[in-house]
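# Structural description and commentary
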Amino acid sequence: MLKVNNLQVYYGGIHALKGVSIEVHKGEIVTIIGSNGAGKSTLLNTISGFLKYKDGEVTYLNSKLPLNPSKVVKLGISHVPEGRLIFANLSVLDNLLMGAYLRKDKANIKEDLENTYTLFPRLKEREKQIAGTLSGGEQQMLAIGRGLMSSPELILLDEPSLGLAPLLVKTVFDIITDIRKMGKTLLLVEQNAYKALSIADRAYVLEQGKITIEGSAKAIAENPKIRDAYLGSKK
Ligand code: ATP
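What comes next is a walk through the structure. As the structure is a computational prediction, the values presented were derived from the model and not from experiment.

## Overview of the site of the ligand
Residues in contact with the ligand amount to 14 residues; listed here are only the nearest, N36, G37, K40, S41 and T42. A distance of 3.1 Å is found between an oxygen atom of the ligand and a backbone nitrogen or oxygen belonging to A38. At 2.5 Å from an oxygen atom of the ligand is found a side-chain nitrogen or oxygen belonging to T42. About the coverage of the ligand: the protein hides 62% of its 640 Å² of free accessible area. Of all the secondary-structure elements, those providing two or more residues to the shell around the ligand are β2 (14-24) and α1 (40-47).

## Quick word on the packing of helix α3 (residues 92-99) against helix α6 (residues 136-148)
Look at α3 against α6: their axes get within 7 Å of each other, and the N-to-C directions meet at 35°. Between α3 and α6 lies a crossing whose hand is right-handed. Of the residues in α6, those in contact with V92, N95, L96 and G99 of α3 are L142, G145 and R146. Looking at the contact of α3 with α6 residue by residue, the class counts come to 3 nonpolar, 3 polar and 1 charged.

Conventions we followed
- Residues numbered from 1 in each chain as written.
- Predicted model: local features only at pLDDT ≥ 70, side-chain atom pairs only at ≥ 80, totals over all residues.
- Heavy atoms only, no water.
- Near = heavy atom within 4 Å.
- Polar contact = N/O pair within 3.5 Å; in protein donor to acceptor, adjacent residues only side chain to side chain.
- Areas by Shrake-Rupley, 256 points an atom, 1.4 Å probe, with all protein chains shown as cover.
- Helix = DSSP H or I, 4+ residues; strand = E, 2+ residues; numbered from the N terminus.
- Axes fitted to C-alpha atoms, helices over the stretch in contact; angles between N-to-C directions.
- Left-handed = near helix turned anticlockwise from the far one by under 90°.
- Contact = heavy atoms within 4.5 Å.
- Nonpolar A, V, L, I, M, F, W, Y, C, P; charged D, E, K, R; others polar.

In short, shape yes, function no, at least from these values alone.
This is how it looks when you write it as structure tokens:
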């Protein structure tokens, strides 16, 4: 579904991605794990068209990416960014509808809104609340819900568990599993390697802009090097 080949990305003189290659197949949850500054957000931002790459290739179905971000959304890719970036002054409902802004199939939006509310009953309860007044966990649910409202096939999720209490972290990972059951494909970037590997099919380890290890999530979780570097605390 998505193929990234030998991607090279620079911020001025900083070489952030040094020949990254990954693949995501339909129906999978694929996770990229790595420490701070490894290049995880850079990879997602490049796929979704916010950053340009110097060399390499990104293809989604039969299209070469990046186009501009709105064209990437129209192709069926939704990006839920790190830090959520919800519209703080808009209501929960308006935030969700903003996610559907580029859709041509307006008739199906209501049904997707109902599906989103089924997945996140809390958002239904808070439909009229100003988004900036939601709790951190509720804002994360809203960001994911908004991502679903563009009716994507592939969802890029950047650090969905960041800053959440342990109980909410579990809820968010359960929801990611439910989204896959809805037939969606997910590319998940996480520092919480233990949780990410527990729900993913395959994983890549990104270190200082390079993929150093790849394989099934199970094999990576059992890899002694990964256990030492990323799974020590099992939180
Ligand atoms: P984190 O988990 O901390 O968010 P990350 O793996 O997502 O980290 P990136 O945000 O992709 O890492 O950053 C990769 C590298 O690129 C880092 O060294 C970072 O300092 C650098 N970088 C990111 N954005 C910019 C920018 N706008 N200008 C210059 N350097 C940047």
